Amino acid sequence: MAAPVLRRSLLYVPSSSPKMLTKSLTLASDNITYDLEDAVTETAKPAARAALRQHLESLAQSKLTAPPKTEIAVRINAVSTQHALADLTELGPLALSAVGAIVVPKVNAPSDLAFVSDVVTQIRQNADQGQLAEAPKLIALVESARSVMDLKDICAAGTAPTAGLRLDGLVFAAEDFALDLSLTRTPSLSEFLYARSAVVTAAKAFGLNSALDLVCTAFRGDQGIATLAEECRGGRGMGFTGKQCIHPTQVSVVQQVFGRMYDESDRTELAWAVRVLIAEDKSAASGRGAFTLDGKMIDAPVVGKAKRILEQAERAGAGDFIQSLRE
Ligand code: 1VU
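The following paragraphs examine the structure supplied in this document. These numbers were taken from a predicted model, which means no experiment stands behind them.

Here we take up helix α11 (residues 264-285). Compared with an ideal rise of 1.5 Å per residue, which puts 22 residues at 32 Å, α11 spans 32 Å between its outermost C-alpha atoms and is within 8% of the ideal. For α11, every residue scored as buried is listed here: Asp266, Leu270, Ala273, Val274, Val276, Leu277, Ala279 and Ser283. On the buried face of α11, the contacting elements are α9 (221-238), α10 (248-258), β9 (291-293), β10 (296-298), α12 (300-315) and α13 (319-326). A positive phi of about 80° marks glycine 287, the residue just after α11.

Next comes the structure, spelled out in C-alpha cells:
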C-alpha cells in the first residue's frame, strides 16, 4: 500500500488566474488545490475550467512539472450547484490523471461524495488506457451545521469498502460555517471549537490521512505571519495535521509548524520527546512503566505522545535533526 500523502499545507490557487497557475508550480506546498469554486466568479467559470484543463493536461504529459512530492488537487463547485458536473466532465480523463485528490466543498451528506465518485469513475471507465493513473482521493470540506452533525455518516460512507473514490481527508471551512450559523469569527477562534474538534475527531475515528484547519486570512507583514503561526499552533494542539493556505507566504510557516520545525519551542519539544524515549528504554529495562523526567511523571500515554511527535516530525523531514538529538 502507498504511504499516506504528507498534507501539511493545502494552497488554493484560483484557476481563473493564468499567472497564478504558472506560479503555483514554483511553490513547494505539500498540496496545491486549483480552485474552481469561491475564488472564481460565476461568469469566469467556463474560462477557468478550460485554463485548468490545459494546465493539468500539460502536467499529465510532463510538459510542465510540479515540485517533487506535491499533491495536485482540484476543488470543484458544490454538488448542489449546476457547476459540479461540468467541472469534472469538462476537465476530462487526461487532466484528471494529473490529479491526486478532488476537494469537494459543502459536503452535507454521503450522497455528495458518492456523486463525485460516480462521475469520476464513469469518466475513467470511458478513458483510453494511456490516460489512466491512480484514482484520485476525495477531500471533504465541512462548512455547515448539517455537515458537522452528519460527519459520522459522511466518513463512514466515504471510507466503506464499497466507496468508489476513497475519502482521505477533512477540511474545516470557517467562513462558510460562520455564515451558516450566523456567528462572528474572533481572534480566539473559540466560536469554532466544537466544529473544529468534531472534524479532528471524525478524521481520527475513521483513519483519515488528514484534518486541515481553517484559513488564516492574514498573510502580509510580520503581524500577519505571527497571527498565522499562532493559529497553526492552536490547530496543531487540537489535533489538526495541517492548514489551508491562500497565499504563497503562508506555505512555509504552515509546513514548518505542522512539521514541528518552526522555532526554538518546536526544537525543545523534539528534544524532550527524544529524552522521554531514552528514559523509557532505561525504565522499561528495570520493569517500571512510570518514571520521572524533569520532575514530572511519564507513563504510557506520555510516551505515546512523544513517539507521535517524533513520527510526525520525521515524516515532515526533521529526521536528521532528530537523529542528531539521539546521538
Ligand atoms: O510574484 P508574482 O507577481 O509572479 O505573483 C504574485 C501573485 O500572483 C502570487 N500569488 C499566488 N500564486 C499562486 N497561488 C496563490 N494563491 C497566490 N496568491 C498570490 O504571488 C505573488 C505575490 O502575490 P501578492 O502578494 O501580490 O498577492 P495578490 O494581491 O496578487 O493576491 C492576494 C490574494 C489573497 C487575492 C491571492 O493570494 C489569492 O487570490 N489567493 C487565493 C484566494 C482563494 O483561493 N480563495 C478561495 C479559497 S479560501 C476558502 O475557500 C476557504 C475555505
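Around the ligand there are 18 residues in total, and Tyr12, Lys19, Arg220, Ile246 and His247 lie nearest to it. A distance of 2.9 Å is found between an oxygen atom of the ligand and a side-chain nitrogen or oxygen belonging to lysine 19. Side-chain polar atom of arginine 220 to an oxygen atom of the ligand: 2.8 Å apart, as the coordinates give it. Alone, the ligand offers 970 Å² of accessible surface; in the complex the protein occludes 68% of this. For the shell around the ligand, the elements supplying multiple residues, two or more each, are β1 (9-14) and α1 (18-24). Counted by class, the shell around the ligand contains eleven nonpolar, two polar and five charged residues.

Rules used in this analysis
- Residues numbered from 1 in each chain as written.
- Predicted model: local features only at pLDDT ≥ 70, side-chain atom pairs only at ≥ 80, totals over all residues.
- Heavy atoms only, no water.
- Helix = DSSP H or I, 4+ residues; strand = E, 2+ residues; numbered from the N terminus.
- Expected span 1.5 Å × (residues − 1).
- Buried < 20%, exposed > 50% of the residue type's maximum accessible area, 1.4 Å probe, protein only.
- Contact = heavy atoms within 4.5 Å.
- Near = heavy atom within 4 Å.
- Polar contact = N/O pair within 3.5 Å; in protein donor to acceptor, adjacent residues only side chain to side chain.
- Areas by Shrake-Rupley, 256 points an atom, 1.4 Å probe, with all protein chains shown as cover.
- Nonpolar A, V, L, I, M, F, W, Y, C, P; charged D, E, K, R; others polar.

These figures come from the coordinates and say nothing about function on their own.
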